[in-house]
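Chain residues, written in single-letter form:
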Amino acid sequence: MNIHSIFENNQHWIKEKIKQDKDYFKKLSAKQNPSILYIGCSDSRVPAEELMGVQPGEVFVHRNIANMVSNNDLSAMSVINYAVTRLNVKHIVICGHYNCGGVEAAMQSSDLGILNPWLRNIRDVYRIHQEELNKIEDDDARFKKLVEFNVQEQCVNIIKTPEVQRALKAKKISISGWVFDLQTGVLIDLKIDFDNILEHIMEIYHIV
Ligand code: CO
C-alpha cells in the first residue's frame, strides 16, 4: 500500500458518499448518536465497522491490544464514561478475535518490555480460569478458549465501573461479549451468562 494513495482513496470515498446523498457530510457533521460502544483489538485484520456492516456515526469505537478494559487505563475508562453518561449508548460490546497476537504473547514466557504490564492483565485472566484452560490439551483450542475468557473478563471489568452499574440498574444498557473468527469471517456472540457470573462477584465489586 502506498501512503499517498490514501488521499486519492479519500477523494473517491467523498464522491461515492455524495453521489448517494448530497447532504451526507452535512448530516455527518451535525451530531453523533451511536447506540453501540465497541471495544476491540487494534489488530489490522479486525476492522470494527466493516465486520459489523455499520456506517460512520453508528458505533463509538475504542481499540487497543487484545481488547482490554483495565481499571487504571485512563483512555478506556474515559471512553466508557463518555459513551455511557453522555452518548447514552444502549449496548456495550467487547469483541475479541481468534489468532490474537496479544493473547498469544501472554501465553508465552518472554520479556516484552513495556508490553509486560499490559499483557499481565491477560495472564491474570489465565490464572482465574487456569483449571479449565489446563484441561485443554490441544494448544490451538486452549488459545481460542483464552481469547473467549479474556472477552468475558473484560466484560466483567466494564461492570466494575459505577457508571455502568448505574446504567444496568436502570436497565438502560446491555453488555455483550463477541469473538471474530479471522479464518471464516464469522462474528460469534459468546452469549455470556452474566447473571450467573455476577452473582458470585458483585458483593465484591458493587459500588452503586
Ligand atoms: Co488481537
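Look up a bit, the structure's there.
Residues numbered from 1 in each chain as written. Predicted model: local features only at pLDDT ≥ 70, side-chain atom pairs only at ≥ 80, totals over all residues. Heavy atoms only, no water.

Participant: I tried to follow unusual backbone geometry on my own but got confused; where do I start?
Facilitator: Notably, alanine 66 is not glycine yet its phi reads approximately 70 degrees, a positive angle. Mapped onto the secondary structure, alanine 66 falls in the loop between strand E2 (59–64) and helix H4 (74–85). What makes alanine 66 buried here is its relative accessible area of 0%. For lysine 191, which is not glycine, the phi torsion reads 45 degrees and is therefore positive. (Helix = DSSP H or I, 4+ residues; strand = E, 2+ residues; numbered from the N terminus. Buried < 20%, exposed > 50% of the residue type's maximum accessible area, 1.4 Å probe, protein only.)

Participant: Mind showing me how you'd approach the pairing of strand E4 (residues 174–180) here?
Facilitator: Looking down a regular strand, the side chains alternate between one sheet face and the other. Within E4, six of the seven residues are buried, leaving the element largely enclosed by the surrounding structure. With seven bridges connecting them, strand E3 (residues 91–97) and E4 associate as parallel partners. When the bridges of E4 are listed, histidine 91 appears paired with serine 174. Judged from the three bridges that link them, E4 and strand E5 (residues 187–189) form a sheet pairing that is antiparallel. Note that in E5 the partner of valine 179 across the bridge is isoleucine 188. The loop that links E4 with its antiparallel partner E5 comprises six residues; one of these, glycine 185, has a positive phi angle of about 85 degrees. (Pairing = 2+ DSSP bridges.)

Participant: What's the story with H4 in this structure? I'm lost.
Facilitator: One turn of an α-helix holds 3.6 residues; hence residues three or four places apart share an orientation. Given a rise of 1.5 Å per residue, twelve residues ought to cover 16 Å, and the 16 Å separating the end C-alpha atoms of H4 matches this to within 8%. Among all positions of H4, only Ala76, Met77, Val79, Ile80, Ala83 and Val84 are buried. Looking down the long axis of H4, one finds its buried residues gathered within 160 degrees of arc, a one-sided arrangement. Looking at the packing, one finds that the buried side of H4 touches strand E1 (36–41), E2, E3, helix H8 (139–159) and helix H9 (162–169). Where H4 begins, the capping side chain belongs to aspartate 73, and its oxygen is found 3.1 Å from the backbone nitrogen of serine 75. (Expected span 1.5 Å × (residues − 1). Arc of directions from axis to C-beta. Contact = heavy atoms within 4.5 Å. Polar contact = N/O pair within 3.5 Å; in protein donor to acceptor, adjacent residues only side chain to side chain.)

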